[in-house]
Amino acid sequence: MDVSLAVWALTVTGLCALIAVDFLVGGRKPHEVSLREAAVWSSVWMALAALFGLGLFLFAGAQPSGEFFAGFITEKSLSVDNLFVFVLIMAKFAVPPAYQQRVLMVGVLIALVLRAVFIAAGAALIASFSWVFFLFGGFLIWTAWKLIQEARAEDEEEAYEENRFLKLIERRVPSTDRYHGTRLFVREDGRRLMTPMLVVMLAIGTTDVLFALDSIPAIFGLTQDPYIVFTANAFALMGLRQLYFLIGGLLKKLVHLSYGLSVILGFIGVKLVLHALHEAGVHGPVVSTPFSLGVICAVLVVTTVTSLHASRSARQRETADR
């Protein structure tokens, strides 16, 4: 899809305006987010994503629209896996409930900027070297296998480990161990200190980059259009904050989520390898966007149903044993 610089500018401006409205209406004053508020804003971002996809259908055709919805659903499902780590980060830094919304908002914005850099780099690589599809495909298949191994592991006690960038910041910049509202820096005894609020925001944003290592290649397996890749990521990430509060209590019940995500990543990895073979002149099956969308949706539905059934059965066994 040929997207002009004006359309890019209009899209980025529109997203910034939506983010500003979200902040002014729901995030300007620190407060503990209710289930109703989270449900309303989650519905708003889902509706906005659907309207954007419909707009692509009307102005660009069925192919770009289908690629956007496939990419959005994939990024959204992979983002749900991020929430497990976000819960661990919030617990490690003991973030008060009233400040969690602000932390997630800024953290997600940091993640979106960093992902934009990843997307630009990925698009440049794909445009210059067709063999990159083999690299992306192999990496996704390997990641799918690792996810299965991790899901089968019996480590019940999970702990969040700070990444090297965050450790470097904490070593170099003096900090305080107390929250001072939503302030990022405070002055104590003549020294300018970083607060835990800034540390946890950086933790959310930079940790998401690790997840982008598989999600960005995954969406490039569904579409090579940088505009669609960026907008799908933007809409998936911007609704992540509300999703955190909406399904936070359900995360532990999605016991088969890792298996479902591994199937999706493996499927897209195979799709990328087939595409790379096709680019190299080897004739083989071509996986269409509608088929990809159908597989992704089916895997997510089956994973959710089996997860809830397994959680219910485990709860019944616990009740019977008492």
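Here the structure is shown first, and the text comes after it.
Residue positions are given per chain, counting from 1 as you read along its sequence in written order. Thresholds applied to this predicted model are a pLDDT of at least 70 for local features of residues and 80 or more for the giving and counting of side-chain atom pairs; totals over whole chains, interfaces and linings are not thresholded and use all residues. In computing side-chain properties, one takes all heavy atoms of the structure into account and sets aside hydrogens as well as water.

1. Side note on the pattern of salt bridges
So, step 1. Salt bridges are defined as contacts in which a side-chain nitrogen from Lys or Arg sits within 4 Å of a carboxyl oxygen from Asp or Glu. Counting across every chain of the model gives 2 salt bridges.
So, step 2. Glu75 serves as the salt-bridge partner of Arg115, at 3.0 Å between the closest nitrogen and oxygen. On the criterion of sequence distance, the pair formed by Arg115 in helix α4 (residues 97–128) and Glu75 in helix α3 (residues 62–92) is long-range, its members being 40 residues apart.
So, step 3. Using a relative accessible area of 2% as the deciding quantity, one classes Arg115 as buried.
So, step 4. Owing to a relative accessible area of 0%, Glu75 belongs among the buried residues under this scheme.
So, step 5. A salt bridge links Arg178 to Glu188; the shortest N-O distance between them is 3.8 Å. Of this pair, Arg178 sits in the loop between α6 (164–172) and β1 (185–188) while Glu188 sits in strand β1, and the two are 10 residues apart along the sequence.
So, step 6. Exposed residues in this analysis have more than 50% of their type's maximum accessible area, buried residues have under 20%, and partly exposed residues fall in between, with area computed by a 1.4 Å probe over protein chains only. Residue class for Arg178 comes out partly exposed when judged on its relative accessible area of 48%. Helix and strand labels come from DSSP, where a helix needs a run of H or I of at least four residues and a strand needs a run of E of at least two; each type is numbered from the N terminus.

2. Things to note about the packing of helix α2 (residues 35–60) against helix α8 (residues 226–238)
So, step 1. Note on method: axes are straight lines fitted to C-alpha atoms, helices fitted across the in-contact stretch only, with angles between N-to-C directions ranging 0 to 180 degrees. Two elements in contact, α2 and α8, have axes separated by 9 Å at closest approach and are oriented at 165°. When the axis of α2 is compared with that of α8, the two are roughly antiparallel. α8 is crossed by α2, and the crossing has left-handed handedness. Between α2 and α8, the contacting residues are Trp45, Leu48, Ala49, Phe52 and Leu56 on the first element and Tyr227, Thr231, Phe235 and Met238 on the second.
So, step 2. As a working rule, the residues Ala, Val, Leu, Ile, Met, Phe, Trp, Tyr, Cys and Pro are called nonpolar, Asp, Glu, Lys and Arg charged, and the rest polar, with Gly in that last group. Partitioned by chemical class, the residues of the contact of α2 with α8 number 8 nonpolar, 1 polar and no charged. Orientation labels follow simple angle bins: below 35 degrees gives roughly parallel, above 145 gives roughly antiparallel, 65 to 115 gives roughly perpendicular, and whatever is left gives oblique. In this scheme the handedness of a crossing depends on how the near helix is turned from the far one: anticlockwise by less than a right angle means left-handed, clockwise means right-handed. Any two residues whose heavy atoms approach within 4.5 Å at even a single point are treated as in contact.

3. A closer look at a nonpolar patch on the surface
So, step 1. A patch consists of residues exposed above 30% relative accessible area that lack any salt bridge, with like charges linked at up to 9 Å and nonpolar side chains (Val, Leu, Ile, Met, Phe, Trp, Tyr) linked at up to 5 Å. Computed by Shrake-Rupley with a 1.4 Å probe, the accessible areas treat only the displayed protein chains as cover when residues are assessed. Residues Leu51, Leu54, Phe57, Leu58 and Phe59 make up a contiguous nonpolar surface patch of about 610 Å² in total accessible area.
So, step 2. Considering the arrangement of structural elements, one finds Leu58 in helix α2.

4. Re the packing of aromatic side chains
So, step 1. Side-chain rings of Phe, Tyr and Trp, where Trp is taken by its six-membered ring, are said to pair if the distance between their centres is within 6.5 Å; with planes under 30 degrees apart they count as stacked, over 60 as edge-to-face, and otherwise as tilted. Per the stated rule, a full pass over the model turns up 14 aromatic pairs.
So, step 2. Where Tyr244 meets Phe245, the ring centres are 5.1 Å apart and the plane angle is 90°; that geometry is what we call edge-to-face. Across the pair, Phe245 and Tyr244 agree in class, each one buried.
So, step 3. An aromatic cluster of three or more residues is present, and its members are Trp8, Trp45, Phe52, Phe68, Phe69, Phe72, Tyr227, Phe230 and Phe235.
So, step 4. Should the NZ of a Lys or the CZ of an Arg lie within 6 Å of a ring centre and within 35 degrees of the ring normal, that charge is described as sitting over the ring. A cation over an aromatic ring shows up here: Arg192 above the ring of Phe185, its NZ or CZ 4.1 Å from the ring centre.

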